[in-house]
Amino acid sequence: MLSYSQRSTLCANPTAKQLLYLMDSKQTNLCLAADVTTKSEILQLADSIGPEICVIKTHIDIVEDFDANLVAELQRLAEKHNFLIFEDRKFADIGATVQKQYQNGIYCIADWAHIINAHSLPGPGIIDGLREAGLSKRRGLLLLAEMSAKGALTDKLYAQKTLEMAEDNLDFVIGFVTQRKLSDNPCFINITPGVQLSVGNDTLGQQYNTPKTAINAGTDVIIVGRGIISAPDPVAEAKKYRRAGWEAYEKLKNED
Ligand code: 5BU
């Protein structure tokens, strides 16, 4: 199995390259889902948990006191702690519309998010629309191939068709939000939500696997939200997830 940094040298997209490289150099495959609703909470999480993660994932539209200073500060913390910013916007419209949603409006996502994601449902035009706004800024796109929620409609055929769309757009698509590895192409990064230290679910359809199960299914980055942010000591908890994710990766690498 290639290491993250070996894979990094093979990728054309600068964000994919940077992410895979930083995961190995920082020894973390943990992404924090910073699902909090105020500026101060996001920045506090980013600063305290920043040293443990490779990516912070935001839902910028849940922040009640959003302003431009939030993204400026987030960018500063991303530099300080060496992590990337992933806005989990899940674009889902025609190319012309998503392009505006990506670069305009209140959030100007293209200006600060290294990584965004999109549903493959609308077909390849969604990639073209996002690429026109993002590629010149060296951004990367993840396609949603499989969702973690119970009853999700993203079946095997849907995931396969999503993979084919990605293969046709290797300059901009850097991988997938998925529950497992979808392709042997080393440049595709598989990112998996629905991770907690024990298997289970929430009351609204979310389903959890452990870091080890996710990494053993071939994923590269584990996304953890409430498992960390609802814990009594989020920093200590983040360290546990970081260790679990990294140990699972090292074990797989050494078995090869
Ligand atoms: P949790 O608190 O660890 O359950 O948060 C999971 C996060 O990942 C949350 O921000 C979701 O919006 C996000 N997510 C997900 O849970 N499942 C998916 O399939 C996708 C995103 Br795509």
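What you see is a predicted model; the values in this text were computed from it and never measured.

Novice: What is the right way to look at unusual backbone geometry in this model?
Specialist: Both trends apply: most residues other than glycine have a negative phi, and most peptide bonds are in trans. With a phi angle near 45 degrees, C108 is a residue other than glycine that sits in the positive phi range. Residue position: C108 is located in the loop between α5 (95-103) and β4 (115-119). Residue C108 is classed as partly exposed on the basis of its relative accessible area of 25%. The phi dihedral of R138 is positive, around 70 degrees, even though this residue is not glycine. Here R138 shows up in the loop between α6 (125-134) and β5 (140-144). The exposed category is assigned to R138, whose relative accessible area is 54%.

Novice: Even after reading the chapter, I still don't get the packing of aromatic side chains, so can you show me in this structure?
Specialist: Each aromatic ring pair is specified by the distance between its two centres and by the angle formed by the two planes. Inspection of every chain in the model, using the stated rule, returns 6 aromatic pairs. Seen in terms of ring centroids, Y4 and Y249 are 3.9 Å apart; in terms of plane orientation they differ by 10 degrees. Their pairing is stacked. In this pair, Y4 is assigned in helix α1 (residues 4-8) and Y249 in helix α10 (residues 234-255), connecting sequence segments 245 residues apart. When the ring of F91 is compared with that of Y102, the centres are 5.8 Å apart and the planes differ by 65 degrees; the resulting orientation is edge-to-face. Note that F91 is positioned in strand β3 (residues 84-91) and Y102 in helix α5, a separation of 11 residues in sequence.

Novice: What is the right way to look at the side chain of N169 in this model?
Specialist: Here N169 lies in the loop between α7 (156-167) and β6 (173-177). Of note is the side chain of N169, whose polar atom sits 2.7 Å from the side chain of R131. Residue contacts for N169: discarding those within four places in its chain leaves I127, D128 and R131.

Novice: What's the story with the environment of V235 in this structure? I'm lost.
Specialist: Structurally, V235 is set in helix α10. C-alpha separation for the pair V235 and T213, spaced 22 residues apart in sequence, amounts to 22 Å. The contacts of V235, once residues within four sequence positions are left out, are S48 and I49.

Novice: Mind showing me how you'd approach the site of the ligand here?
Specialist: D35, K57, S148, Y208 and R226 are the nearest of the 16 residues found near the ligand. The contact in question runs from an oxygen atom of the ligand to an N or O atom on the side chain of Y208, over 2.6 Å. Note that an oxygen atom of the ligand is positioned 2.9 Å from one of the backbone N or O atoms of G225. Surface burial for the ligand is 90%, taken as the share of its 500 Å² of free accessible area covered by protein chains. Of the residues that constitute the shell around the ligand, the class distribution is 7 nonpolar, 4 polar and 5 charged.

Novice: Would you mind going over the UniProt feature "active site" (unreviewed entry) in the protein with me for this structure?
Specialist: When the UniProt feature table is mapped onto this chain, "active site" (unreviewed entry) is found at D88, K90 and D93. Within the secondary structure, K90 is located in strand β3. Relative to the helices and strands, D93 resides in the loop between β3 and α5. Every residue in contact with D93, bar those within four places of it in the chain, is listed here: V98, Q101, P122 and I126.

Novice: When you look at the nonpolar core in this model, what are you seeing that I'm missing?
Specialist: Among soluble globular proteins, nonpolar side chains are generally buried collectively. In terms of nonpolar packing, the biggest core is built from 81 residues, with L32, F91, Y102, L130, L141 and L143 touching the most fellow members. If we ignore the near neighbours within four places in the chain, the residues touching L143 are A118, I127, T162, M165, A166, V173, G175, F176 and V177.

Novice: So what exactly am I meant to see when it comes to the sheet that holds β4 here?
Specialist: Sheet strands pair via backbone hydrogen bonds, and the direction of the pair is either parallel or antiparallel. Taken in spatial order, the 8 strands of this closed barrel run β1-β2-β3-β4-β5-β6-β7-β10, and their pairing is parallel. Going from strand to strand, the sheet's axes swing by 30 degrees on average, the running direction of each strand aside. Strand direction decides the pairing type here: β3 and β4, joined by 3 bridges, are parallel. In the sheet register, E87 faces β4, and the bridge partner there is I116. Here helix α2 (residues 14-26) sits on the sheet and contacts β2 (55-58), β3, β4, β5, β6, β7 (189-192) and β10 (221-224); the angle it forms with β3, its principal contact strand, is near 130 degrees.

The rules we used
Residues numbered from 1 in each chain as written. Predicted model: local features only at pLDDT ≥ 70, side-chain atom pairs only at ≥ 80, totals over all residues. Heavy atoms only, no water. Helix = DSSP H or I, 4+ residues; strand = E, 2+ residues; numbered from the N terminus. Buried < 20%, exposed > 50% of the residue type's maximum accessible area, 1.4 Å probe, protein only. Phe/Tyr/Trp six-rings, centres within 6.5 Å; stacked < 30°, edge-to-face > 60°. Polar contact = N/O pair within 3.5 Å; in protein donor to acceptor, adjacent residues only side chain to side chain. Contact = heavy atoms within 4.5 Å. Near = heavy atom within 4 Å. Areas by Shrake-Rupley, 256 points an atom, 1.4 Å probe, with all protein chains shown as cover. Nonpolar A, V, L, I, M, F, W, Y, C, P; charged D, E, K, R; others polar. UniProt positions renumbered as here; feature names shortened; annotations may be inferred. Core = buried A, V, L, I, M, F, W, Y, C linked by side-chain atoms within 4.5 Å. Pairing = 2+ DSSP bridges. Axes fitted to C-alpha atoms, helices over the stretch in contact; angles between N-to-C directions.

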